[in-house]
Amino acid sequence: MQQYFGKSKGSILVETLSAAFIAAMFFPVILSLFKNTVDNCLRLYDTRTALQRICAAEAVMKQPVFFCGYGMPSDAAEYKKTFQNASSEPLSWEGPVSVASYNGRNNAQLKIAYAKREKCFTSAKTTFTGSGTVKFNQNLPSDKIKAAYSGEYAGIKNYVFFGGMSPKPVPLLISKISGNSLVLGTSSQGSFCIPSGEVLYLFCAMKLYAADGKLYSYDYRTSGSQPRVDGIEDVRFILKNGRTKQLAVYILARGNKERRERKIKLLDFEKDASNAELLKEWGRLECKKTLYASKTVWSLTNCVDTENFQPNTAD
């Protein structure tokens, strides 16, 4: 028999067949392991995509939430009274933060009024009753504020705030703008003091809601509704009253992976009796992509109810 490298043809054939048999035995295991690895990578990538969308949506909300109610009354009646019971939004809202229905969905729209910090600050202490002139270290941003003239309806650009105003901060109506000074007034009774070095805050407000697979914001300082974050299928808001209000935000985001089951993937979301119905509702949504739910709770530290809060004295 002819020899090849010290081995016969028969020996080589046996070894080849043995190697092929062993490979055939382990091939399904290797294939399964490879498939599971690819599936896990795709799942992790899909989860990361949904998390990025959720984080982007929360980033849109952060500044309004952190400065919600800054320099303005928390109580709905006082809020409206401070703005002279105006009929236009956001001056007519039920306080600086409220939740409403949107497109047939309960608690699907957030109305939030907040303050935005400017770079200028007061150059001298000012004390006034009713109205007074406040001077600043530099010229004021005339494109962001507006004087309210007699006979006109006041709007969002007609008010400013000072956090250190005493005895308590209240919205101040601008009646005149002149270089680096403002003539400001309030309908609140009593004498008010604005210290030197006090930062100027502008009045801002927006509505937030989800529509057509996107998070939208309606900013009262810009041109109406604008899409902000893609991939947001729904958002819900639950407002909890107490000495300090709390806002729970439920976000439903989609990934890029095809949806194979109705079950919602939970991210930082504890299922309980309070949100079971919401998860069922979300599970019935017609969406071809995998859906992920998250929950975030924020304390609205500027919305403090000192009059109506009843502390829990139970042991």
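The preceding data block contains the structure.
Caption draft 1: Spotlight on the sheet that holds strand E16 (residues 265-267). Here four strands make up an open sheet; going across it, the order is E14-E15-E17-E16 and the pairing mixed. The sheet terminates laterally at strand E14 (232-240) and E16, the two strands that pair on one side only. Averaged over all pairs of adjacent strands, the angle between strand axes in this sheet comes to 20°, irrespective of strand direction. Two strands pair when backbone bridges link them, and strand E15 (residues 244-258) and strand E17 (residues 289-304) are joined in this way by twelve bridges, in the antiparallel orientation. Looking at E17, one finds that Arg-254 is bridged to Leu-291.

Caption draft 2: Structural context of the pattern of salt bridges. Evaluation of the coordinates by the stated rule reveals nine salt bridges. Between Lys-80 and Glu-94 there is a salt bridge; the shortest N-O distance is 2.6 Å. With Lys-80 in helix H2 (residues 76-82) and Glu-94 in the loop between H2 and strand E3 (97-102), this residue pair connects regions lying 14 residues apart in the sequence. Across the pair Lys-280 and Glu-277 runs a salt bridge, and its minimum N-O distance is 3.9 Å. Taken as a pair, Lys-280 and Glu-277 lie in helix H3 (residues 276-283) at a separation of three residues, close to a single helical turn. Given the relative accessible area of 55%, Glu-277 is considered exposed. Among the charged side chains, a salt-bridge network with shared partners connects Arg-105, Asp-234, Arg-236 and Glu-281.

Caption draft 3: Looking closely at the pairing of strand E12 (residues 214-219). Two strands pair when backbone bridges link them, and strand E11 (residues 199-211) and E12 are joined in this way by six bridges, in the antiparallel orientation. Each bridged residue has a counterpart across the sheet, and for Met-206 the counterpart in E12 is Asp-219. Adjacent in sequence and paired antiparallel, E11 and E12 are bridged by two residues, among which Asp-212 carries a positive phi angle near 55°. Here E12 folds back onto strand E13 (residues 224-230) in antiparallel fashion, the turn holding four residues.

Caption draft 4: Geometry of H3. Taken together, the buried positions of H3 are Leu-278, Leu-279, Trp-282 and Gly-283. The buried side chains of H3 occupy one side of the element, clustering within an arc of 140° when seen end-on. Those residues of H3 hidden inside the fold are in contact with E14, E15, E16 and E17.

Caption draft 5: Summary view of the nonpolar core. Grouped together as the largest cluster of nonpolar side chains are 29 residues, with contacts concentrated most on Met-61, Leu-215, Ile-232, Val-235, Phe-237, Val-249 and Ile-251. Secondary structure elements with two or more residues in this core: helix H1 (9-66), strand E4 (105-121), E11, E14, E15 and E17. In contact with Phe-237, not counting residues within four places along its chain, are Met-61, Val-99, Asn-107, Ala-108, Gln-109, Leu-110, Leu-208, Leu-247, Ala-248 and Val-249. In terms of nonpolar packing, the next biggest core, distinct from the first, is built from 19 residues, Leu-140, Val-170, Leu-172 and Ile-194 among them.

Caption draft 6: Up close: the layout of surface pockets. By volume, the second largest pocket amounts to about 270 Å³. Around the second largest pocket, the lining is made up of 14 residues, and of these Tyr-114, Lys-116, Cys-204, Asp-219 and Arg-221 lie nearest the centre. Listed by contribution, the elements that provide at least two residues to the lining of the second largest pocket are H1, E4 and E11.

Procedures and definitions
Residues numbered from 1 in each chain as written. Predicted model: local features only at pLDDT ≥ 70, side-chain atom pairs only at ≥ 80, totals over all residues. Heavy atoms only, no water. Pairing = 2+ DSSP bridges. Helix = DSSP H or I, 4+ residues; strand = E, 2+ residues; numbered from the N terminus. Axes fitted to C-alpha atoms, helices over the stretch in contact; angles between N-to-C directions. Salt bridge = Lys/Arg side-chain N within 4 Å of Asp/Glu carboxyl O. Buried < 20%, exposed > 50% of the residue type's maximum accessible area, 1.4 Å probe, protein only. Arc of directions from axis to C-beta. Contact = heavy atoms within 4.5 Å. Core = buried A, V, L, I, M, F, W, Y, C linked by side-chain atoms within 4.5 Å. 1 Å grid on protein atoms, 1.4 Å probe; cavity = no way out; pocket = protein on both sides within 12 Å on 5 of 7 lines; lining within 4 Å. Points joined across faces, edges and corners; volume = space filled by probe spheres on them.

As far as function goes, none of this settles anything; it's purely spatial.
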